[in-house]
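Examining the three-dimensional arrangement
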Amino acid sequence: MAFDKKLLDILACPACKGSLIYQAQHARLICKFDRLVYPIVDNIPVLLESEAKAVSSEELEQLLK
């Protein structure tokens with residue numbers, strides 16, 4: 001079973017409550033505002049700040065290309 005894109009309508013960044021960008025090919029969700037990357041493990045989004053990877057502005061630009 002794959003990650004259900006309908007979840008994006010109700011999921012939010014736990015840090016800022018903003019919207020998330022889904023990248024299926026890399027199994028991750030990205031918060032542009034906080035520059036946090038949340039993993040999706042076994043089709044389940046891991047929305048814990050302690051599990052998120054913080055990225056720089058430059059890294060964020062590269063991720064979003």
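Whatever comes next refers back to the structure up there.
Anyway, here's the lowdown on the structure attached to this text. Computed from a predicted model, the values in this text were never measured in an experiment.

1. Description of the side chain of Arg28
Position of Arg28 among the secondary structure elements: in strand β2 (residues 28-31). Here Gln23 takes part through its side chain, which lies 2.5 Å from a polar atom of the side chain of Arg28. The residues touching Arg28, leaving out its near neighbours within four places in the chain, are Ile21, Tyr22, Gln23, Val37, Tyr38, Pro39, Ile40 and Leu63.

2. So, the nonpolar core
Across soluble globular proteins, nonpolar side chains have a tendency to be buried as a group. Counting residues in hydrophobic clusters, the biggest one holds nine residues: Phe3, Cys13, Leu20, Leu29, Cys31, Leu36, Tyr38, Ile40 and Ala52. Contributions of two or more residues to this core are made by β2 and β3 (36-41). By size, the runner-up hydrophobic cluster in this structure holds five residues, among which are Ile30, Val37, Leu60 and Leu63.

Conventions we followed
Residues numbered from 1 in each chain as written. Predicted model: local features only at pLDDT ≥ 70, side-chain atom pairs only at ≥ 80, totals over all residues. Heavy atoms only, no water. Helix = DSSP H or I, 4+ residues; strand = E, 2+ residues; numbered from the N terminus. Polar contact = N/O pair within 3.5 Å; in protein donor to acceptor, adjacent residues only side chain to side chain. Contact = heavy atoms within 4.5 Å. Core = buried A, V, L, I, M, F, W, Y, C linked by side-chain atoms within 4.5 Å. Buried < 20%, exposed > 50% of the residue type's maximum accessible area, 1.4 Å probe, protein only.

Structural measurements only, silent on function.
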